Amino acid sequence: MNRTARKTVPAIAATAVGALAITGLAWTAVGTAQVGSSAAHGDVRGGTTERKPDGRPGPKPNILMFTVDDMTVGDLPYLPNLNRLMVRQGTQLTQGMAPTPICVPARASLLTGQYAHNHGALTIEGAGGGFKAFRDGNTLPVWLRRAGYDTFFSGKYLNGYGMADPRYVPPGWTGWRGSIDMTTYGFYNTRYNVNGRVETKAAHNSDVLNGFTTQVIGAQARSAKPWFMWTNFVAPHHGGRHESDDPSVDLLKTTMPAARDRNTFTHLELPRDPEMWKGGGSPWAPRTTTAAYRAAVRESNQQRIESLQSVDDAVGAAIAKLRRTGELKNTYVIFTSDNGFLVGHHNKDGKLVPYDRSLRVPMIVRGPGIPRGAKVATPTTNPDVAVTIAAIAGARPGRVVDGVNMLDYWRADTDYDRVVPIEAYPVLGGRGRIYSGIRHGRFTYVRTRGGQEVLFDRAADPGELRNVAKRKKYAPTLRKLRRMNNVYRDCSGRSCPKTETFTAR
């Protein structure tokens, strides 16, 4: 029996408590305004926007957001708590989308409501890359503080955070517990900036974040103020020490599950999607691969699923804590990933490519007014999540935002197609795009830096194995999407596609 079949919330809670006791996990009391935050300058404004049945103002809702690093939609079936407590009790957004599918720009979009070409954190490192490229003085937590919220962060921030100043706390956060690169990727003995004080936690970092999250929920239950918390896991991203069953690092890098989850999915096979181990058909698919590489990807995928089990524990523990404190009914819980990931799809192990498996992310929400057990196919992007959170809180964005408020669409019975601009930049730095494009309805259009055009018809070719850009029957579609790409490639704010581009399916 694998671990998925035997997990329960009481066991999860006991595991979390045990981990706290063993490691001495602790954090500084909440409620202290950080230097540079709006609260520290007297800018906090209260108020309520939700209404009770009798029409009187009610308390503003709390908002808890979980994000993971490199989780794909294909990983979702292996997380029992997420399925039981989020998918069945909330709404699955089946077209969750990362317009720039790699860590830094995706997370920066969650903080700004902007596409990468506007917030400027374009890639991982180098020019336009990492923490140093991001202007974090006017982001979602600042907007929420001005709307009367306490705000909390724990986990991975942006790549490179803490390297120059490990005690730096970005503006807007009431409580901060950011992991410091490069210890973020070690999984054990991670260093954290806890409200300006550097601490090392011995436990697996997913368990540490579990403890941070439940502690904040418990403490905030005694506060009259609404709160927002973002818990940002590094799993299932690769990292940690090399273990005996890991493939050679010359083939690929693997992640590190919590010790209790190691080898619990040894019999897991790779997905059987149509694009598995298929090469060619577009510029991003190697034509061949080796048996050794395939075996390495299988082992890597097994460990990815195992590493997500401790994330699943944390989701279960947080919702159990919300229920015990009486806060669950007035709390929106959002779960998503920064980007998707390929595990043998198109002969690749990775991300950033404009395939469905890379662009599309798991995205689930539950909370006031959110239907239970529903699926919504209207695309929601990373920039939309930030704008929607601000709208839920009654906060006014301090930037010109590109995303839209999706709350009504999350609650709607009708699904809509919409225009989503996509783009990517060199991993090691550079401000020139390696591609731009449009995802609209059943089609994905991409134009590479060299001018090559790629068009996928995902309805006729769900594996995206055939570039139909030169086929005569697709010429009108190609022209339409090419025009859209020219219009929206450098859009900002009102010039980006808004709800007027939504068309009912």
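Scroll up to find the structure.
Summarised in this report is the structure supplied together with it. Given the structure is predicted, the values throughout are model-derived calculations rather than measurements. (Residues numbered from 1 in each chain as written. Predicted model: local features only at pLDDT ≥ 70, side-chain atom pairs only at ≥ 80, totals over all residues. Heavy atoms only, no water.)

**Notes on the packing of helix α6 (residues 205-220) against helix α7 (residues 291-324)**
So, point 1. With their axes 9 Å apart at the nearest point, α6 and α7 run at an angle of 10° to one another. When the axes of α6 and α7 are compared, the pair comes out roughly parallel. Facing S206, D207, N210, T213, T214, I217 and G218 of α6, the residues of α7 in contact are S310, V311, D313, A314, A317, A318, K321 and L322.
So, point 2. Among the residues making up the contact of α6 with α7, the classes are represented as six nonpolar, six polar and three charged. (Axes fitted to C-alpha atoms, helices over the stretch in contact; angles between N-to-C directions. Helix = DSSP H or I, 4+ residues; strand = E, 2+ residues; numbered from the N terminus. Parallel < 35°, antiparallel > 145°, perpendicular 65-115°, else oblique. Contact = heavy atoms within 4.5 Å. Nonpolar A, V, L, I, M, F, W, Y, C, P; charged D, E, K, R; others polar.)

**Points about the sheet that holds strand β19 (residues 453-457)**
So, point 1. Spatially, β16-β17-β18-β19 is the arrangement adopted by the four strands of the open sheet, whose pairing is antiparallel. With one partner strand each, in any of the chains shown, β16 (419-424) and β19 form the two edges of the open sheet. In this sheet, adjacent strand axes meet at a mean angle of 15° when their direction is disregarded.
So, point 2. Judged from the five bridges that link them, strand β18 (residues 443-448) and β19 form a sheet pairing that is antiparallel. (Pairing = 2+ DSSP bridges.)

**A short note on the packing of helix α3 (residues 103-112) against helix α9 (residues 382-393)**
So, point 1. With their axes 6 Å apart at the nearest point, α3 and α9 run at an angle of 25° to one another. The orientation of α3 relative to α9 falls into the category roughly parallel. The crossing of α3 and α9 is right-handed. Judged by residue contacts, A106, S109, L110 and T112 of α3 engage N382, P383, V385 and A386 from α9. (Left-handed = near helix turned anticlockwise from the far one by under 90°.)

**What about α9?**
So, point 1. Taking 1.5 Å of rise per residue, the twelve residues of α9 would be expected to cover 16 Å, and the 17 Å separating its terminal C-alpha atoms lies within 8% of that figure.
So, point 2. Counting buried positions along α9 yields eleven of twelve residues, so the element is predominantly enclosed.
So, point 3. For α9, the complete set of buried residues consists of N382, P383, D384, V385, A386, V387, T388, I389, A390, I392 and A393.
So, point 4. Remark: G394 follows α9 within two positions and exhibits a positive phi of approximately 70°. (Expected span 1.5 Å × (residues − 1). Buried < 20%, exposed > 50% of the residue type's maximum accessible area, 1.4 Å probe, protein only.)

**With respect to the nonpolar core**
So, point 1. Residues I63, L144, Y157, F228, W230, I389 and W410 are the most contacted members of the largest nonpolar core, which totals 64 residues.
So, point 2. For this core, the element with the most residues is α9, which contributes six residues.
So, point 3. The contact partners of W410, leaving out residues within four places of it in the chain, are T91, L93, I334, V365, I370, P371, V376, T380 and T388.
So, point 4. Within the second largest apolar cluster, 38 residues are counted, among which are F66, L85, V315 and L322. (Core = buried A, V, L, I, M, F, W, Y, C linked by side-chain atoms within 4.5 Å.)

**Overview of the sheet that holds strand β13 (residues 374-376)**
So, point 1. Taken in spatial order, the ten strands make up an open sheet running β7-β6-β5-β4-β8-β1-β9-β12-β2-β13, and their pairing is mixed. The open sheet has two edge strands with one neighbour each: β7 (197-201) and β13. Recorded for the sheet is a direction-independent mean angle of 20° between the axes of neighbouring strands.
So, point 2. Looking at chain direction, strand β4 (residues 150-155) and strand β5 (residues 175-179) are connected through four bridges and run parallel. Looking at the pairing, F153 lines up with W176 of β5.
So, point 3. Across the sheet, helix α2 (residues 80-87) touches β2 (91-93), β9 (331-337) and β12 (363-366), and the angle it forms with β12 is around 45°.

**Some words on the packing of aromatic side chains**
So, point 1. Enumeration according to the criterion identifies 23 aromatic pairs in this entry.
So, point 2. Between Y409 and Y416, the aromatic rings sit 5.5 Å apart at their centres with planes inclined by 90°, giving edge-to-face as the arrangement.
So, point 3. Judged by its relative accessible area of 17%, Y409 is buried.
So, point 4. Taking the relative accessible area as the measure of exposure, Y416 reaches 23% and is therefore partly exposed.
So, point 5. Through a chain of ring-to-ring contacts, three or more aromatic side chains come together here, namely F131, F153, Y157, Y161, Y168, W173, W176, F228 and W230.
So, point 6. We note R177 situated over the ring of F212; from NZ or CZ to the ring centre the distance is 5.7 Å. (Phe/Tyr/Trp six-rings, centres within 6.5 Å; stacked < 30°, edge-to-face > 60°. Lys NZ or Arg CZ within 6 Å of the ring centre and 35° of its normal.)

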